[in-house]
Amino acid sequence: MTIELSLLMPFIIGIIILIIFLSFYLHDSCVVERVGYSCLLNGVNSDKTSEEIVNDFYNEIEGSLLCRWDINFDVSFMGTNAVALVTGRMLPDSQLMFGIISGSVFRYSTKFSVNFLSEAEYIWN
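In this report, we go over the structure that sits alongside the text. No experiment lies behind these values; they were computed from the predicted model shown.

The next point concerns the overall build of the protein chain. The helix and strand tally for the protein chain stands at three helices and three strands. Start at the N end of the protein chain and walk to the C end: the helices and strands fall as α-α-β-β-α-β. Here the protein chain, with 125 residues, has 29% of them falling under the buried criterion. Across the protein chain, contacts joining residues at least 24 apart in sequence account for 55% of those joining residues at least 6 apart. For the protein chain, the accessible surface area stands at approximately 8700 Å², while carbon and sulfur atoms represent 60% of it.

So, on to the packing of aromatic side chains. Considering all chains together, one arrives at five aromatic pairs under this definition. Here Y25 and W69 contribute two aromatic rings whose centre-to-centre distance is 5.9 Å and whose plane-to-plane angle is 35°, an arrangement assigned as tilted. Remark: W69 occurs in strand β1 (residues 69-78) and Y25 occurs in helix α1 (residues 2-45); sequence separation between them is 44 residues. Members of the aromatic cluster, connected to one another through ring pairs, are F57, Y58 and F73.

The next thing to look at is the packing of α1 against helix α2 (residues 50-61). Between two packed helices, what matters for the description is the angle formed by their axes and the separation of those axes. Contact geometry of α1 with α2 gives a least axis separation of 9 Å together with a crossing angle of 145°. Pair α1 / α2 crosses with right-handed handedness. Residue-level contacts link V31, V32, R34, V35, G36, S38, C39, L40, G43 and V44 of α1 to I53, D56, F57, E60 and I61 of α2. Residue composition of the contact of α1 with α2, by class: nine nonpolar, three polar and three charged.

With that out of the way, let us pick up the pairing of β1. Bridge count for β1 against strand β2 (residues 81-90) is 10 bridges, and the pairing is antiparallel. Paired with S76 across the two strands is V83, which belongs to β2. Following β1, the chain reverses through two residues before pairing antiparallel with β2; G79 in that reversal takes a positive phi of roughly 65°.

Take the pattern of salt bridges next. What the rule picks out here adds up to two salt bridges. Its salt-bridge partner being R34, residue E60 comes within 3.9 Å of it at the nearest N-O pair. Remark: R34 occurs in helix α1 and E60 occurs in helix α2; sequence separation between them is 26 residues. Linking D56 and K48 is a salt bridge whose minimum nitrogen-to-oxygen distance equals 2.5 Å. On the basis of relative accessible area, K48 is assigned to the partly exposed category, the value being 30%.

Our focus in this paragraph is the nonpolar core. Counting 25 residues, the largest nonpolar core has V32, L40, F57, F73, V75 and V86 as its most contacted members. Elements with a minimum of two residues in this core: α1, α2, β1, β2 and β3 (107-115). Ranked by residues supplied to this core, first place goes to α1 with eight residues. Residues within four places of V86 in sequence aside, it is in contact with V32, I71, N72, F73, Y108, S109, T110 and F112.

Cut-off values and rules
The numbers attached to residues start from 1 for each chain and follow its sequence in the written order. Since the coordinates come from a predicted model, pLDDT governs what is reported: local features require at least 70, and pairs of side-chain atoms require 80 or more to be given and counted, while whole-chain, interface and lining totals use all residues. Water and hydrogen atoms play no part in the side-chain values, which are based on all heavy atoms of the structure. Secondary structure follows DSSP: runs of H or I at least 4 residues long count as helices, runs of E at least 2 residues long count as strands, and numbering of each begins at the N terminus. When a residue's accessible area, from a 1.4 Å probe over protein chains only, is under 20% of the maximum for its type it is buried; when over 50% it is exposed; and in between it is partly exposed. By definition, residues are in contact when any of their heavy atoms lie within 4.5 Å. Note on areas: Shrake-Rupley, 1.4 Å probe, and residue coverage restricted to the protein chains presented here. In summary, the pairing rule links any two rings of Phe, Tyr or Trp, Trp by its six-membered ring, whose centres are within 6.5 Å, and it sorts them by plane angle into stacked for under 30 degrees, edge-to-face for over 60 and tilted for everything else. Helix axes are fitted to C-alpha atoms over the stretch in contact, other axes to C-alpha atoms as well, and angles between N-to-C directions run from 0 to 180 degrees. Helix crossings get a hand from a simple test, with the near helix turned counterclockwise from the far one by less than a right angle marking a left-handed crossing and a clockwise turn marking a right-handed one. Residue polarity is assigned by list, with Asp, Glu, Lys and Arg as charged and Ala, Val, Leu, Ile, Met, Phe, Trp, Tyr, Cys and Pro as nonpolar; anything else, Gly included, falls into the polar class. A pair of strands is treated as paired once DSSP finds two or more bridges between them. Note on definitions: salt bridges are taken to be side-chain nitrogens of Lys or Arg within 4 Å of carboxyl oxygens of Asp or Glu. We define a nonpolar core as any set of buried Ala, Val, Leu, Ile, Met, Phe, Trp, Tyr and Cys residues linked to one another through side-chain atoms lying within 4.5 Å.

See the structure below:
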């Protein structure tokens, strides 16, 4: 019975560690999307430039993530749309067990846009 457990326990521990890393990834991707979308909305509503929106994003995201990420946040204005593209990959960390594969496996990319109006419009029923 001990031989079977000695073969089974590394597999179980590996699965538990993988679940923990996936929860870190899910947490960080939700934080990046929330911060990116809120910075884009706030920037559009307050007539900020794309550089100011990007700076707000990096200032707000600092210290909010569980893992180390290489994140790129780009904002562009196209007519009445503001489009943000967020890409990133988890950086390898020597203290983590999966540091060798984390940079190649855990990547994140999303694109979202906001429409804005030049003047207030009201909808009447």
